Amino acid sequence: MFSNASLATDWSVKEIRWGATASIQAKSTFESGFYPTVVLYFDPLDSANATTWKDKLLRPQIHAGLSVSTAGNASQVYAGFNWKVDVTDRLFIDLGFGGTVHNGDLDDDGTKGPKLGCSVLFHEYAAAGFRVTEKVDILATIDHSSNADLCDVNDGISHAGVMFAYKF
């Protein structure tokens, strides 16, 4: 597979993304307002130097983020793994999977907005990005969090938005 010598142990922030998202859910589970979001990306497995698709798959980046509701809806703190795939020298796709903790409604109590059933959810995202410069990207993002029907209620949370990235 790969030797211990080929693995980096550098946990410094390699990239920061910031932007805003908004709910893309149906009327009954729609969340008003928008969500300022910040995500930090780390590369302790040295994904940046992976040469084959198999190596890239086995050496994901690690991300940790925060999404805050401006309207008192569910805010989230999340973390997980992500894989970035170049489409061209300027266009790329980024996919991520992990978990999130939120402060949203758990039970179907008759109020509007999503009912999430559990405080801890799965979190996944997809982004299409464009490299503006060597250090700056702009991305269109979509993300979803849900409990995968592990709890009685599972409306989930879905957002889409725009992010800017700076690579260190």
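Our structure is the block above this text.
What counts as what
Residues numbered from 1 in each chain as written. Predicted model: local features only at pLDDT ≥ 70, side-chain atom pairs only at ≥ 80, totals over all residues. Heavy atoms only, no water. Pairing = 2+ DSSP bridges. Helix = DSSP H or I, 4+ residues; strand = E, 2+ residues; numbered from the N terminus. Axes fitted to C-alpha atoms, helices over the stretch in contact; angles between N-to-C directions. Contact = heavy atoms within 4.5 Å. Buried < 20%, exposed > 50% of the residue type's maximum accessible area, 1.4 Å probe, protein only. Disulfide = S-S within 2.5 Å. Salt bridge = Lys/Arg side-chain N within 4 Å of Asp/Glu carboxyl O.

Participant: Even after reading the chapter, I still don't get the sheet that holds strand β5 (residues 91-102), so can you show me in this structure?
Facilitator: Sheet strands pair via backbone hydrogen bonds, and the direction of the pair is either parallel or antiparallel. The antiparallel closed barrel is built from 8 strands, whose spatial order is β1-β2-β3-β4-β5-β6-β7-β8. Averaged over all pairs of adjacent strands, the angle between their axes in this sheet comes to 25°, without regard to strand direction. Here strand β6 (residues 120-131) runs beside strand β7 (residues 136-146); their pairing, made up of 10 bridges, is antiparallel. Directly across from Tyr-125, in β7, lies its bridge partner Asp-143.

Participant: Any chance you could explain the environment of Val-38 here in plain terms?
Facilitator: Along the chain, Val-38 turns up in strand β2 (residues 35-42). Put simply, Val-38 and Leu-66 are 28 residues apart on the chain and 5.5 Å apart in space, counted from C-alpha to C-alpha. Discounting residues that sit within four places of it in the chain, Val-38 has contacts with Ile-16, Arg-17, Trp-18, Ala-64, Gly-65 and Leu-66.

Participant: Hey, could you run me through the pairing of strand β3 (residues 61-67) in this one?
Facilitator: Two faces, one strand: in a regular strand the side chains alternate between the faces of the sheet. Counting buried residues along β3, 5 of its 7 residues qualify, which places the element largely inside the surrounding structure. The pairing of β2 with β3 spans 6 bridges and is classified as antiparallel. The residue bridging Tyr-41 from the neighbouring strand is His-63, located in β3. In this structure, β3 lies alongside strand β4 (residues 76-86), joined through 7 bridges in antiparallel fashion. Looking at the pairing, Ala-64 lines up with Ala-79 of β4.

Participant: Could you clarify how one ought to interpret the pairing of β6 in this entry?
Facilitator: Only one face of β6 is buried: it carries Leu-121, His-123, Tyr-125, Ala-127, Gly-129 and Arg-131, and the other face, with Val-120, Phe-122, Glu-124, Ala-126, Ala-128 and Phe-130, is open. If you look at the hairpin formed by β6 and β7, you'll find 4 residues sitting between the two strands.

Participant: Whenever I open this one, the state of the cysteines confuses me. Can you help?
Facilitator: In a disulfide, the sulfur atoms of two cysteines are held together by a covalent bond. Under the criterion given, the structure shown has 1 disulfide. Between the sulfur atoms of Cys-118 and its disulfide mate Cys-151 the distance is 1.4 Å. For the disulfide bridge between Cys-118 and Cys-151, the dihedral angle about the S-S bond is near 85°, and by the sign convention the bridge is right-handed. A residue pair is termed long-range when its members are at least 10 positions apart, and Cys-118 in the loop between β5 and β6 and Cys-151 in the loop between β7 and β8 (157-167) qualify at 33 residues. Each member of the pair, Cys-118 as well as Cys-151, is classed as buried.

Participant: Quick question: what am I supposed to make of the pattern of salt bridges here?
Facilitator: Pairs can form between side chains of opposite charge once their charged atoms are near each other. Here the structure, examined in full by the defined rule, presents 10 salt bridges. Between Asp-55 and Arg-59 there is a salt bridge; the shortest N-O distance is 2.9 Å. The burial state of Asp-55 is the same as that of Arg-59; both residues are buried. For Lys-115, the salt bridge identified is with Asp-105, shortest N-O distance 3.0 Å. Of the two residues, Lys-115 sits in the loop between β5 and β6 while Asp-105 sits in the loop between β5 and β6, which places them 10 residues apart along the sequence. Residue classification places Lys-115 among the buried residues on the basis of a relative accessible area of 2%. Residues joined by salt bridges that share partners form a network here, namely Glu-15, Arg-17, Lys-84 and Asp-94.

Participant: For this particular structure, what's the right way to read unusual backbone geometry?
Facilitator: Glycine aside, negative phi is the norm for most residues, and most peptide bonds take the trans geometry. Positive phi outside glycine occurs at Asp-46, with the angle close to 60°. With respect to the helices and strands, the residue Asp-46 is situated in the loop between β2 and α1 (53-58). Asp-46 sits in the buried class, given a relative accessible area of 17%. Backbone geometry at Asp-149 places phi at a positive 60°, although glycine is not the residue there. Relative to the helices and strands, Asp-149 resides in the loop between β7 and β8. In this structure Asp-149 comes out as exposed when scored by relative accessible area, which is 62%.

Note that all results are geometric; they support no functional claim without further evidence.
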